[in-house]
Each structure stands twice: as structure tokens, then as C-alpha cells.
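# Chains, contacts and geometry: an overview
If you want the building blocks of each chain, they are given just below.
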Amino acid sequence: MKLESKIPEGPISEKWTKFKSTVPLVNPANKRHLEIIVVGTGLAGASAAASLAEMGYKVSAFCFQDSPRRAHSIAAQGGINAAKNYQNDGDSVFRLFYDTIKGGDYRAREGNVHRLAEVSTSIIDQCVAQGVPFAREYGGTLSNRSFGGTQVQRTFYAAGQTGQQLLLGAYSALERQVGLGNVKMYNRHEMVEVVTIEGKARGIIARNLVTGKLERFFSHAVLLCTGGYGNVFYLSTNAMGSNVTAAWKAHKAGAYFGNPCFTQIHPTCIPVSGHYQSKLTLMSESLRNDGRIWVPKKQNDDRHPNDIPEDERDYYLERRYPAFGNLVPRDIASRAAKERCDGGYGVGPSKMAVYLDFKYNMMQKYGRTEASKHNIENPDDATLLRLGQEVVKEKYGNLFDMYKQITDEDPYEVPMRIYPAVHYTMGGLWVDYNLMTTVPGLYALGEANFSDHGANRLGASALMQGLADGYFVIPLTIGSYLSGEIHTKAIPTTHEAFEAAEKRANERIQNFLNINGTRSVESYHRELGLIMWNKCGMARNEKGLNEAIAEIRALREDFYKNVRVPGTDKEFNPELDKAGRVADFLELGELMCIDALNRNESCGGHFREEFQTEEGEALRDDENYKNVFAWEHTENNKWELHKEELVYENIKIQQRSYK
Amino acid sequence: MKHSMKVNLQVWRQKNTQAQGNFENYSVETNPDMSFLEMFDVLNEQLIHDGKEPVAFDHDCREGICGMCSMVINGNPHGPKQAITTCQLHMRSFNDGDTIVVEPWRANAFPVIKDLSVNRSSFDRIIASGGFVSVNTGNAVDANNILIPKDIADEAFEAATCIGCGACVSACINASAMLFVGAKVTQLSLLPQGQSERQSRVVAMVNQMDAEGFGACTNTGACSAECPKGIPLSVISTLNREYTKAKLNGI
Ligand SMILES: Cc1cc2nc3c(=O)[nH]c(=O)nc-3n(C[C@H](O)[C@H](O)[C@H](O)COP(=O)(O)OP(=O)(O)OC[C@H]3O[C@@H](n4cnc5c(N)ncnc54)[C@H](O)[C@@H]3O)c2cc1C
Ligand code: SF4
Ligand code: FES
């Protein structure tokens, strides 16, 4: 199949406007007969389900948690971007567009990203109207902060809980529609199959996680808003339940998978503390506004950080990237931390950590301002620190508390220890401009699709994309498909396609239960994660990737011989849920390695050691790889590669530089 | 690495909603830096290894924000420490050799699903009854057209940080949901956006709360003391005031 991105014709700034005024619509009477399934209730899913229901479609929404409000979006900390230019610092739609394309190392589509930048401003309006309590200035206007990879202040936030507040806004809109009877909500349900009839998505099979029953649902269109697959690495900042199952089943039903190896490793996370570690905790990028990153200049320096004098500290980001300093994009900051730790400069018990230090800004930036505000002349260091601590507490208090809770160290007194961790997946289901996958009627929104972030996502842009997709893009783009479906009557779920899909799901479940081996699902997940982290993580090379592929295949084989899944399929059985998810990760991991192996260049978060500049920066190959890899699943764990060429008409592509 | 420690657990086991439950005893090798839920992971790994059924418990984010985790530990929802969730508790809060009793939330409106997992959908239904601002997508004015003084915005934010975990209900001898409902009502009554539905909202939410079988509030204050987000008791006074006002206006 030839990949058609369906980007509208015309100048970049007019594409979306033109699309909006020409896209076919569905009239209100017909909307009532059209059913839409929304799988996932994070920012993308909740906003889509609410908006589509408001428009009059019949919506069913699904999530695996006990409430739609608990989707992983709830955990986003730092903020959401929008080109409002409220700070009068020269921001614009074009600048946000430009920053996002450049930040993504020129591997995202111009048309999609420009649209994202255009609708970004309406997102903030919508959220404020819902009562989302963003941070404000004394005059009552909205407050902004900076994030990496930009030189303007365009990030809106609610302390360190921006995702929570945005999701609760979208959730309240969703629950309003549930209350009005326009959305039927299925919580504790996990989608395990997409049902296709004559090539079109016509519904899903979902497992009721409380009773274990497989249930069938028909719809005219299916929207997957199921989040990212960072948990393929076992340890990540994602929630424990985040998984690839929905996207993977869609992939097997014909949806191509875009750039699977594009993974974001976030530079500032709390380091691993022991073998029992179950997940990693992010320390928001917003902390890099005020925290300076350093390691000792001496290798294996065991002194307490507060005993290391200024001139014996290496502020390596400020040294290497003077223009952006501590605010370089994530991929660059992560690799720089790895480089220092691999070189023997790491700190902490494991030596796999660097310092994130607030003292300087607490005293010199905030302490001094506060002192002058309170007319304190010649404040001593202790006063500056005390005043500065109060400001920092207000800005990041919850993050500092979280850090202390986990490490038992007080970051107001001692610098934080941080290390990169898997955080986000730019890759995902391939979608066109309408957010439709290669299966007609099957859409992917939010982190589940591959669309807007290229090879590296800028901070505060995932929340923006999720809400853009759900509130403003899908409500319009879905019309171009559903307007052709108004004559399709609801198909009874006794149809053979539903029978067959349910049978497939059931066979998988019975298989897991019957293996009756000796190893827990968790142990396989850990082992897979380690392979992925070591060989398909921050740095990749041909040899390692080939080894990883062989190791994953062997592990998968072992899983199907030796895994033990206790309990039955007729009850609440979290181990069985986990078995299905890990089985899918065991396949996805292989595809990620194949993807990384085939992309013979470095770009953004994808760093192939064979392709780097003399200074150790990523070396792109625009001649051969200015494209999207879209993988088609052909038969059991075999794939065929398709490529979508990327065209840059409005941005001159260059070597990305933050020096 | 820190020294290892051993704890004895008495864990509530209940096969399903209908079944009778009982406590089972286990002992687990752990260490002070392990989180409480990681200690449960170790226990479950052990149980699976021994061919037994692992303990079912709810959790997801494991960083105190999703509101999914929910264990009553030695009689306290979310354990002995203040202002944290179960998933944020670490074993360093216990001593070697301690016996720890772990139970699910207990309330009629939160039936047990299995072991330590309960059904909290009643909270969703309360929000669906009125915990929102009725504004369809696309109907918003420019965000800075709505000016909100910083102190009001901050107060609304504090109330909005409720994670919907249900510890307040579990802590209350009456299983009252006033703190949860009060938090949402307070957030939306403070903000200009919430004004047009201010009175109908509070009445609808309180009616739904009663219909779900949550108890009445007798001002014991246990809810706020156990709330991981420190939602203050003042939201309950706000709720009462808002409700009375609406009722006086005949809503
Ligand atoms: C710790 C952390 C902090 C972050 N901070 C920021 C930030 O400050 N700014 C920013 O822009 N981005 C941030 N991000 C990224 C951002 O939060 C996510 O990319 C975004 O929230 C994803 O939203 P989503 O709607 O696509 O998916 P999610 O919120 O992950 O929702 C997925 C939904 O799908 C459901 N689901 C999944 N599989 C199934 C299935 N098989 N069946 C049924 N339901 C299913 C789940 O139940 C859930 O409802 C952060 C991410 C993390 C991990
Ligand atoms: S008020 Fe506190 S205890 Fe109650 S649900 Fe909200 S966060 Fe949990
Ligand atoms: S698991 Fe999310 S709050 Fe504890």
C-alpha cells in the first residue's frame, strides 16, 4: 500500500483553515446514528470522547484503570505549550512550529506540526473555560515558564501538576457527557482486538477486567488514544499499567507502525536504587529553569557535593552548549549525562547520576530579588538561601517533596541526583493528516500515534498534542470518513468477524493459563527491559542491535514455555492482564530493534554510535533518511518496510545546533 | 546497599465481592529503600513462585498522583505517614520485625472487588452529576479575558489537587464523602467560570453522594488528617455553606 499523508495543498499557514472550510460534515440527525469507540481516556481520549459526544455522536469510551481520571496523563508535571505570546517575547505560531520541527531533528511532518501550533492557543482558552486552575500572576493573568529547546516563555502550568489539572478538566467534560447519556463509559476494560470487516474498523473486543469476560462492541469508527509504549523498557517514568497492547493489536490488524525506535530518554529522573526497582520517577524539565547540572571535574570524586568548591565543578551543559545551557533539548542533555557517567565522573552510590543543583539560583536569582523586595540591605548567605528557598518551594514544592520521599535526601540542602530514564515514545501508529491509520475507520491520537514530534519531542508538547488531537483535530477530520458511513447500519456483534476476533483473544488467554511454567510474567518483563535499555537505549550500534534481536526472540520463546500465570480467566486477575501486555512488548521490542538497525543515521533520540560528529553530536543523513519508517506486519513477527518521504518547504533543514 | 529487614504481613484476602474475606500471614524480606508497593511486588513474586495466588491491589502511577493505590495500613488509609499515598510510602518508615496489617478501603459505597482492590465508581458518578463547568469545546473566550487574582487561583488549585483516592471515605467512621465533594465544589465556586452553575451543582452532587450510600459528616476531621493531598476541612464548611445557600434559594 502506498502511504498517503493527505496533507492539504496550499501555503502552510492556510492548509488547516482551508481544510476546515472544505471538509465534508455530518449533519446532526445522522450523527445520532453514528457510533464511535474511544479507547483510552487520557488527555487525547477524554477530550475526543467529550467533544465528539457534544457534537452528537454516540460514543463509548474505555480505559483499563478503575476511573477515566487515572489515565497516565495525570502524572504530567511541568506544563503545556501554546503560542499565545502573552509574555510579549516574540512568540508566534511560526516560532512554535519551527521549534517543534527543529527540536524533532527534522523528522516530523510540516503540515501536522503547523496545525498543532495553530490550535495550541485554543487549547488554553478551552481549559481555562473549564476551570483548570493554571498558575497566575498577581494581576490575574496567566503565568508562563520556559522549557527546553526554546528561547521564549510559552509554557502554561499548574505547579508541578499540570497534567493532573488538564486531565481533570477533560475528565469533567467527559463525565458531563456520561451524565447526559451521550457517552457510555467502560472502566476496567482492556481492548484486546480490533475488529475489521471488509477492511474497515468496525469495533473491538474488550476484556472486562473484573469478571474476565470478553465483550464485543460495534462502532463506525475506532479511536485509539492508548498512550505510549515506554514500558517496553520495563523501567520508565510511565505508569505501571501503560502498555502497547491496543496499538499492537491494531498493528496486527493492518495498521502500520511509524518510527518504533524513536524513544525519548528524559535527562532528569531519580536514579535506580536497587534490583527491586519497579518504576522511575521524573523530576520535571521545568526544574532545569532553575537547576544547574554538574559533575565533579575529578573522576570518582567521593566528596559530599556541598564540599566540592565551585572551581572543581564541571557545569558540562553550560560548557558545551553556551547558547541554551541547561535548557538544551532532552536527547542532548541525556547523552551528555551518559557521556560524563561513562567517563567516570558520575556521582552517588551507583556512580550513574549527575547533580541538579538549585543553590545558585535560590540565592542569586530569587534570594536577591526577594531581599530587594523586602528592602533587606546586604543580605548574608543564610538570608539569601532562606528567601530563595521559599520561592523555589512555591514553584516546585511538590517535586521537591516527591524527591525527598523517594531518596530520603533534602533537595533544598543537597543537590538532587538525577539520571536519564525512558519517558516518552515519539514512534507510534502511522497516521495521515486526518489521524487515520492505514486501516480505514481506525484512528490514533495522542502519544499512541507517531505524528508530530519527529525524532525528539520538546518538553510540554505532548499535553499540547494530546489535547489538540482530541479537542480540535479529530472532531473535524473524522467527518471526512464518517460522512461516507451514514448509510452503514449497526452491524450485529454476532457477525463472524466478531466471533473470530473473540476466538483469537480467548485462545491467547487460554494459552497463557495453560503454560503453567515456573517464571513470573514480571521476570520476563524485567529481562526484556534490560536488553532494550542496554542495546536499544541511549546509544545503539549494529552489533548490539543484532544481538538484541536474537536475545528477544529467545526470550519470547522461553516465555511461551516457562511463564506461570496464576488464577483463572473468570475473575479479577491482574497477572493475566500483565501477561498479555508483556507478550506484546516481547514482539514490539524486536520491531524497535529492527527499526533502529535499518535507520543508518543518528537523529534526535535515535543515536547510532556509528553516525556521530567529531564532537559526539548526532549525525543525520538527510539524503537517505529524511523519511518516516512505517512497518507493515506481514505474518507472525515479520515486517515489511514502507517509507514516507518528508518534505520541508517552509523550514530550511540544517545541522541542529544549540551551541 | 542498605541492610535488609524482615516484616510480617497480615493481608486481607477476599476472592470476590460476594466472598467472605480473611487475613493471611506472610513474611517478606525487604530493605528500607524499597517502596511499600515494591515490597508487595516481592511478596507476589514469592507467592507466584510457590504456586499460590498473588495479592490483588490497585496501583498505577506509583508517584502519588493517579489516586489508584489504596491500602489501609495498620488502620491508617495510605499508612502511618501524613500527606502521602500508599505508593509513596517506603519501608524505612517501618522497623525490622514489625507486623503490618493491610486491608482494603472499607465503605459500603466502595465494594471490594478482590483482596485489596475496591470499586470507586461512585466517585465518578458524583462528578458526572455536576462536578464540571458546562462549556462545549470551541466555546471559550481568550484565556486572559478571564482574570483571576492569584490568591483565588491558588486556593482553587489547592482544592483541585484532590486525587479522588477515597482515603477520606475510608478514614471516616461514617464513610462520608464530604471532603471529596467539598474539594470539587470549593474549586468551582471560587472561580468565575463556575458561577452560573454554582447552586445547581452543589445540590446535584450532594444528592448523588447520598444516593451512593455515603454517610453523613459528624465533623471528626479524620478525612482531612488522612488525605494524602492535605485537602483542608474548610472545604466541608464551604460545601455546607454553598448547599444551604442553594437550598434557601429553592434549588
Ligand atoms: C511522568 C511524566 C511527566 C510528563 N510531563 C509532561 C509535561 O509536563 N508536559 C507534556 O507535554 N508532556 C508530559 N509528559 C508526556 C505526556 O504526559 C503524555 O505523553 C500524554 O499525557 C499522553 O496522553 P495520552 O492521552 O496519549 O495517553 P495516556 O494519558 O497514557 O492515556 C492512555 C489511556 O489509554 C487507556 N488504555 C491503554 N491501553 C488500553 C487498552 N488496551 N484498552 C483500554 N484502554 C487502554 C488507559 O486506560 C488510558 O486511559 C509526561 C509524561 C510522564 C510519564
Ligand atoms: S479529598 Fe483527599 S482523601 Fe479524599 S479523595 Fe481527595 S485526595 Fe483522596
Ligand atoms: S499508584 Fe498512583 S497514587 Fe499511588
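Residues numbered from 1 in each chain as written. Chains lettered and ligands numbered in written order. Predicted model: local features only at pLDDT ≥ 70, side-chain atom pairs only at ≥ 80, totals over all residues. Heavy atoms only, no water.

A few words now on the overall build of chain A. On a plain count of helices and strands, chain A comes out with 17 helices and 19 strands. For a compact globule of 659 residues, the expected C-alpha radius of gyration is about 26 Å, and chain A comes in at 24 Å, within 12% of that figure. The dimensions of chain A, computed from C-alpha atoms along their principal axes, are 80 × 55 × 50 Å. Out of the 659 residues in chain A, the part that is buried amounts to 68%. (Helix = DSSP H or I, 4+ residues; strand = E, 2+ residues; numbered from the N terminus. Rg over C-alpha atoms; globule rule 2.2 N^0.38 Å. Buried < 20%, exposed > 50% of the residue type's maximum accessible area, 1.4 Å probe, protein only.)

With that settled, the discussion passes to the site of ligand 1. Neighbouring ligand 1 are 39 residues; A:Gln65, A:His72, A:Ser73, A:Met191 and A:Glu447 lie closest to it. One finds residues of chains A and B in close proximity to ligand 1. For ligand 1, an oxygen atom lies 2.4 Å from a polar atom in the side chain of A:Ser73. Sorting the residues of the shell around ligand 1 by element identifies helix 3 (43–55), strand 6 (189–197), strand 15 (416–425) and helix 12 (462–482) of chain A as the ones contributing at least two each. Considering every element that reaches the shell around ligand 1, the biggest residue donor is strand 6 of chain A, with three residues. Residue classes in the shell around ligand 1 are distributed as 17 nonpolar, 18 polar and four charged. (Near = heavy atom within 4 Å. Polar contact = N/O pair within 3.5 Å; in protein donor to acceptor, adjacent residues only side chain to side chain. Nonpolar A, V, L, I, M, F, W, Y, C, P; charged D, E, K, R; others polar.)

This part takes up the sheet that holds strand 10 (residues 257–258) of chain A. All names here are of chain A. Strand order in the open sheet made by the four strands is 16-10-18-19, with antiparallel pairing throughout. On the outer flanks of this sheet lie strand 16 (428–429) and strand 19 (638–645), each paired with one strand and no other. Across eight bridges, the pairing between strand 18 (residues 627–635) and strand 19 is antiparallel. Considered in strand 19, the bridge of Val628 is made with Glu644. Along the sheet, helix 7 (residues 245–252) contacts strand 10, strand 16, strand 18 and strand 19; its crossing angle with strand 18, the most-contacted strand, is approximately 70°. Where helix 16 (residues 574–598) meets the sheet, its contacts fall on strand 10, strand 18 and strand 19, and the angle it forms with strand 18 comes to roughly 135°. (Pairing = 2+ DSSP bridges. Contact = heavy atoms within 4.5 Å. Axes fitted to C-alpha atoms, helices over the stretch in contact; angles between N-to-C directions.)

In this section: the site of ligand 2. In the vicinity of ligand 2, 13 residues are found, and the nearest of them are B:Cys162, B:Cys165, B:Gly166, B:Cys168 and B:Cys227. Contributing elements (two or more residues each) for the shell around ligand 2: helix 4 (167–171) and helix 5 (178–190) of chain B.

Counting residues at the interface gives 74 residues for chain B and 77 residues for chain A. When chain B packs against chain A, close to 6000 Å² is buried across both sides, 52% of that on carbon and sulfur atoms. The tally of links from chain B across to chain A stands at eight salt bridges. As a salt-bridge pair, A:Lys279 and B:Glu63 come within 2.8 Å of each other at their nearest N and O atoms. Viewed at the interface, chain A and chain B are joined by 45 residue pairs in polar contact (both at pLDDT 80 or more). Those elements giving two or more residues to the side of chain B that touches chain A turn out to be helix 1 (36–49), strand 6 (112–114), strand 7 (117–118), helix 2 (121–130), helix 3 (150–160) and helix 5 of chain B. In terms of residues, the side of chain B that touches chain A owes the most to one element, helix 3 of chain B, which gives six residues. (Buried area = accessible area lost by both parts, 1.4 Å probe. Salt bridge = Lys/Arg side-chain N within 4 Å of Asp/Glu carboxyl O.)

This structure, assessed with the given rule, holds 76 salt bridges over all chains. With its nearest N and O atoms 3.0 Å apart, the salt bridge here joins B:Lys114 to B:Glu53. Here B:Lys114 is found in strand 6, whereas its partner B:Glu53 is found in the loop between helix 1 and strand 3 (72–73), with 61 residues between them in sequence. Residues participating in the shared-partner salt-bridge network are A:Asp105, A:Arg107, A:Asp331, A:Arg335, A:Arg599, A:Glu601, A:Arg620, A:Asp622 and A:Arg656.

We now examine the sheet that holds strand 1 (residues 35–39) of chain A. Residues and elements named next belong to chain A. On the basis of which strands lie adjacent, the open sheet formed by five strands has the order 5-2-1-9-17 and parallel pairing. With partners counted over all chains shown, the strands left at the sheet margins are strand 5 (183–186) and strand 17 (442–444), one partner each. For this sheet, the mean angle separating the axes of adjacent strands, direction not counted, is 20°. In this sheet, strand 2 (residues 58–62) lies alongside strand 1 in parallel orientation, the contact comprising five bridges. The partner of Ile37 across the bridge, within strand 2, is Ser60.

A separate point is the domain arrangement of chain B. Residue and element names in this part refer to chain B. Examined at the domain level, chain B breaks down into domain 1 (5–114) and domain 2 (120–133 + 146–248). The centre of domain 1, based on its C-alpha atoms, is set 28 Å off from the matching centre of domain 2. Facing 22 residues of domain 1, the contacting portion of domain 2 comprises 19 residues. Carbon and sulfur atoms supply 55% of the area that domain 1 and domain 2 bury against each other, a total of about 1400 Å² over both sides. (Domains from an automatic or database assignment.)

In this section: the side chain of A:Asp125. Positionally, A:Asp125 belongs in helix 5 (residues 110–130). Within the structure, the side chain of A:Asp125 is placed 2.5 Å from the side chain of A:Lys84, a separation counted as a polar contact. Non-local contacts of A:Asp125, meaning those with residues more than four positions away in its chain, are made with A:Lys84, A:Tyr86, B:Ala140, B:Val141, B:Asp142 and B:Ala143.

Turning to the pairing of strand 2 of chain A, a few remarks are in order. Residue and element names in this part refer to chain A. Within strand 2, four of the five residues are buried, which leaves it mostly tucked inside the rest of the structure. Inspection of the sheet shows strand 2 paired to strand 5 by four bridges, in the parallel sense. Among the inter-strand pairings, Ser60 is bridged to a residue of strand 5, identified as Lys184.

Residues and elements named next belong to chain A. It is at 11 Å that the axes of helix 6 (residues 162–179) and helix 12 come closest, and there the two elements cross at 10°. Regarding the angle of helix 6 to helix 12, the classification is roughly parallel. Contacts between helix 6 and helix 12 involve Thr162, Gly163, Leu166, Gly169 and Ala170 from the first element and Leu463, Leu467 and Tyr471 from the second. Looking at side-chain class alone, the contact of helix 6 with helix 12 contains five nonpolar, three polar and no charged residues. (Parallel < 35°, antiparallel > 145°, perpendicular 65-115°, else oblique.)

For the coordinates displayed, the defined rule picks out 36 aromatic pairs over all chains. Look at A:Trp16 and A:Phe19: their rings are 5.5 Å apart centre to centre, the planes differ by 15°, and that puts the pair in the stacked class. Of this pair, A:Trp16 and A:Phe19 both sit in helix 1 (residues 15–22), three residues apart, which is roughly one turn of that helix. Relative accessible area serves as the criterion here: at 12%, A:Phe19 is assigned to the buried category. With 3.7 Å between their ring centres and 0° between their planes, B:Phe123 and B:Phe180 make a pair best called stacked. (Phe/Tyr/Trp six-rings, centres within 6.5 Å; stacked < 30°, edge-to-face > 60°.)

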